[in-house]
Amino acid sequence: MSTTPPSRGDILIVKTLADVIAGISRAELPDRRRQELKSAVHTVARTLGRRLEEVPADPRLLANRLAEVAPVAIGLSRGRWSNVKSLLRAAMSLVREMSPGRHLTPLSPSWHTQWDRLSTRLQRTRLSRFMHFASAAGIDPEAVTVATFARFRAHLDATC
């Protein structure tokens, strides 16, 4: 399996799910994995009631649209629907830069101190992604600027 990230040229030409299918076809993958990824992409297009060429390969747009889907209404179990979405993210990451859905690295000490100051679970839920993003980017709490929030927004837009 190829672990080489997509080239800048490949990233710029991805516009629709049809381009994602083409990227899956070009990738060095075992046949079974290729089949699973293509099936998931086709399932997403079918769920949205569109042809592959009509569905933009935009992570944020797709995430919003797919969040509205009730899997039982389209004949899928909740578990299968989760697998379809996971496979879609994997397929898209073959052909475009994708940000992780969540950060698995621990918070830096300065961000962990801020985390400990949050008094409610709601506060932690709302700030967790930003804190992990800034921590991973090496931005301390006192160094956060408007530009940090712009970078975070771009990160969110590249997350499916």
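Residues numbered from 1 in each chain as written. Predicted model: local features only at pLDDT ≥ 70, side-chain atom pairs only at ≥ 80, totals over all residues. Heavy atoms only, no water.

Thoughts on the pattern of salt bridges
Thinking step 1. Counted according to the given criterion, the structure contains four salt bridges.
Thinking step 2. Arg 32 is the partner of Glu 36 in a salt bridge, and the nearest nitrogen-oxygen pair spans 3.5 Å. Here Glu 36 pairs with Arg 32, and both are found in helix H3 (residues 31–48), just four residues apart, close to one helical turn.
Thinking step 3. Residue Glu 36 is classed as partly exposed on the basis of its relative accessible area, which comes to 29%.
Thinking step 4. Overall, Arg 32 belongs to the exposed group, its relative accessible area being 60%.
Thinking step 5. One salt bridge connects Glu 53 with Arg 51, and the closest N-O pair in it is separated by 3.4 Å.
Thinking step 6. Salt bridges linked by common partners bring Arg 32, Arg 33 and Glu 36 together as one network. (Salt bridge = Lys/Arg side-chain N within 4 Å of Asp/Glu carboxyl O. Helix = DSSP H or I, 4+ residues; strand = E, 2+ residues; numbered from the N terminus. Buried < 20%, exposed > 50% of the residue type's maximum accessible area, 1.4 Å probe, protein only.)

Things to note about the environment of Ala 91
Thinking step 1. For Ala 91, the position within the fold is in helix H5 (residues 78–93).
Thinking step 2. Overall, Ala 91 belongs to the buried group, its relative accessible area being 0%.
Thinking step 3. Through-space distance from the C-alpha of Ala 91 to that of Ala 40 is 8.5 Å; in sequence the pair is 51 residues apart.
Thinking step 4. Contacts of Ala 91, omitting those with residues within four sequence positions, involve Val 20, Ile 24, Leu 37 and Val 41. (Contact = heavy atoms within 4.5 Å.)

Overview of the side chain of Ser 135
Thinking step 1. Within the secondary structure, Ser 135 sits in helix H7 (residues 121–136).
Thinking step 2. There is a polar contact of 2.7 Å between the side chain of Ser 135 and the backbone nitrogen of Ser 108.
Thinking step 3. In contact with Ser 135, not counting residues within four places along its chain, are Pro 106, Leu 107, Ser 108 and Trp 111. (Polar contact = N/O pair within 3.5 Å; in protein donor to acceptor, adjacent residues only side chain to side chain.)

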